Amino acid sequence: MNIDDIKTIAVIGAGDMGHGIAEVALIAGYKVFLRDINQEFVDKGIGRINASLEKLVSKGKVPAEHFEKIKSELMVPCTDLEEAVKEADLVIEAIPELMDLKKETFKIMDAAAPAHTIFASNTSTMKITEIASATNRPEKILGLHYFNPAVIMKLVEVIKGEKTTEETIQIGYDFVVKNSKVPVKVHKDVPGFIVNRVQAPSGVLLGCILDKKIAEPEAVDAIFRNMGSPMGPFETMDYTGLDISYHGSAYFAEAIHEDFRAGETLTAKFEANELGKKTGKGLFDWSAGRPAIDVSKATDKLDPMDLVAVNANEATKIIAEGACALEDVDTAIMNATGTPFGPMALIKGIEPADLAQRLEGLAEKFGKEIFKPTQMIKDGEYK
Ligand SMILES: NC(=O)c1ccc[n+]([C@@H]2O[C@H](COP(=O)([O-])OP(=O)(O)OC[C@H]3O[C@@H](n4cnc5c(N)ncnc54)[C@H](O)[C@@H]3O)[C@@H](O)[C@H]2O)c1
């Protein structure tokens, strides 16, 4: 089987991710069955796709005739799971992040879909290997991890479970290219895959800065605004929701190391339901819109290179585990976040001894073992 055999797609779940994943495949010309548990949710997803496509047509990014073809021919709304997958060559699951629900859904799809059908999960945190164990076709199960909003963000991580074959991975990779996205292969389903894992330690360090009252959120964000970034890290956390940061920290604390656990400040915000933009208050006040950051307040108590160093150090851990190639780290980060550089490019000019010393210093100062330099860093294997 190869990419030319993939003609019909099923997207399971029409929520934030599912509707975007379906839209991208429709733009690429695939026939897409879009399934949710009831008509209301399906209609909502279709409404979001149509609204987005209308904008893309008005900007000249999607031809008007193609939009008509999508509406009349390519897009097939449905509520029946078996009907959704019975003609599909590739199924992409984007339902809530609950292992039992995912396994149950994969089991039903396994029984209903043709033998050749490949199944992908858009999970952010779950093991592809475990999801695959609910089916009789683990060799045909992979992760296709899109980023939010799927229509805009370029990266898709293509994740191998223990039993996924190279053929399945290659089809997933080629499918992402056909969708005009940037694929990066992840050879093992390590926690957080590449992007979320590599960025997790800087979140821990930022939490320490707040807990130890080293600097206020505004003073930290001002550094990044002065460097030309449209949004600093704390405003970004508020924007995406502090509940996401909090749950992500708990997940990494359980899957990797207790050091990832949310600190006092984040925990207090979470418990007070001050989650950022969506509740009107988080680390900043959002009641009158985006917080105004006074760039003259930039602190000199945080060196932004410390954030880069801890992330690059974490990247070397998954490289050493064989989850990805060194050069893929920056490709993944840049295409998932839109930043012009990744951490590996940014540490290239630093001498190994200096980088190791910086990391040792951070580990000691904040009592975080996860910041300690890896052997790859000490040996300068990032140069
Ligand atoms: N939101 C993000 O930023 C993001 C990014 C990457 C990956 N993910 C992952 O994508 C998946 C979906 O997340 P989301 O943010 O789109 O969630 P969401 O809550 O917006 O959407 C999930 C949809 O799935 C539907 N659903 C529930 N059970 C179903 C079933 N059995 N069959 C079909 N549909 C069903 C729900 O009704 C809902 O419409 C999760 O695994 C999540 O971890 C989310």
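Residues numbered from 1 in each chain as written. Predicted model: local features only at pLDDT ≥ 70, side-chain atom pairs only at ≥ 80, totals over all residues. Heavy atoms only, no water.

### As for the packing of aromatic side chains
In step 1: Within the structure shown, the criterion is met by 5 aromatic pairs.
In step 2: With 5.9 Å between their ring centres and 80° between their planes, Phe106 and Phe119 make a pair best called edge-to-face. On the criterion of sequence distance, the pair formed by Phe106 in helix H5 (residues 99–112) and Phe119 in strand S5 (residues 118–121) is long-range, its members being 13 residues apart. Here Phe106 and Phe119 have matching classes, each one buried.
In step 3: Centroid distance Tyr246 to Phe270: 3.9 Å. Interplanar angle 5°. Geometry classified as stacked. Of this pair, Tyr246 sits in helix H11 (residues 242–255) while Phe270 is found in helix H12 (residues 264–271), placing the two residues 24 residues apart along the sequence. (Phe/Tyr/Trp six-rings, centres within 6.5 Å; stacked < 30°, edge-to-face > 60°. Helix = DSSP H or I, 4+ residues; strand = E, 2+ residues; numbered from the N terminus. Buried < 20%, exposed > 50% of the residue type's maximum accessible area, 1.4 Å probe, protein only.)

### Section: the pairing of strand S8 (residues 182–186)
In step 1: Along S8, 4 of the 5 residues are buried, which leaves the element largely enclosed by surrounding structure.
In step 2: With 5 bridges joining them, strand S7 (residues 155–160) and S8 adopt parallel strand pairing. Residue pairing in the sheet places Glu157 in a bridge with Val184 of S8. (Pairing = 2+ DSSP bridges.)

### Let's talk about the site of the ligand
In step 1: By nearness alone, 22 residues border the ligand, and Met17, Arg35, Asp36, Glu97 and Lys102 come closest of all.
In step 2: Between an oxygen atom of the ligand and a main-chain N or O atom of Asp16, the distance comes to 2.9 Å.
In step 3: Separating an oxygen atom of the ligand from a side-chain N or O atom of Asp36 is a distance of 2.6 Å.
In step 4: Considered on its own, the ligand offers 840 Å² of accessible surface; in the complex 77% of this is hidden by protein. (Near = heavy atom within 4 Å. Polar contact = N/O pair within 3.5 Å; in protein donor to acceptor, adjacent residues only side chain to side chain. Areas by Shrake-Rupley, 256 points an atom, 1.4 Å probe, with all protein chains shown as cover.)

### Details of the domain arrangement of the protein chain
In step 1: Assigned domains of the protein chain: these are domain 1 (3–186) and domain 2 (194–383).
In step 2: Using C-alpha coordinates to define each centre, domain 1 is positioned 30 Å away from domain 2.
In step 3: A combined buried area of about 950 Å² lies between domain 1 and domain 2, and 64% of that area is made up of carbon and sulfur atoms.
In step 4: Counting the surface domain 1 buries against domain 2, the share from its top three residues, Thr125, Leu155 and Val184, is 38%.
In step 5: Taken together, the links from domain 1 to domain 2 amount to 0 salt bridges.
In step 6: At the level of secondary structure, the elements contributing two or more residues to the side of domain 1 that touches domain 2 comprise S7 and S8.
In step 7: At 4 residues, S8 tops the list of elements feeding residues into the side of domain 1 that touches domain 2.
In step 8: Here the residues of the side of domain 1 that touches domain 2 are counted per class, giving 6 nonpolar, 3 polar and 3 charged. (Domains from an automatic or database assignment. Buried area = accessible area lost by both parts, 1.4 Å probe. Salt bridge = Lys/Arg side-chain N within 4 Å of Asp/Glu carboxyl O. Nonpolar A, V, L, I, M, F, W, Y, C, P; charged D, E, K, R; others polar.)

### Some details on the nonpolar core
The nonpolar side chains of a soluble globular protein tend to be buried with one another.
In step 1: Ranked by size, the top nonpolar core spans 86 residues in total, and within it Ile12, Val85, Ile347 and Phe371 carry the most contacts.
In step 2: Of the residues that make up this core, three or more belong to each of domain 1 (3–186) and domain 2 (194–383).
In step 3: Other than its neighbours up to four places away in sequence, Ile347 contacts Val308, Ala312, Leu355, Ile377 and Tyr382.
In step 4: Membership of the second largest hydrophobic core comes to 38 residues, among which are Leu34, Val42, Ala94 and Phe175. (Core = buried A, V, L, I, M, F, W, Y, C linked by side-chain atoms within 4.5 Å. Contact = heavy atoms within 4.5 Å.)

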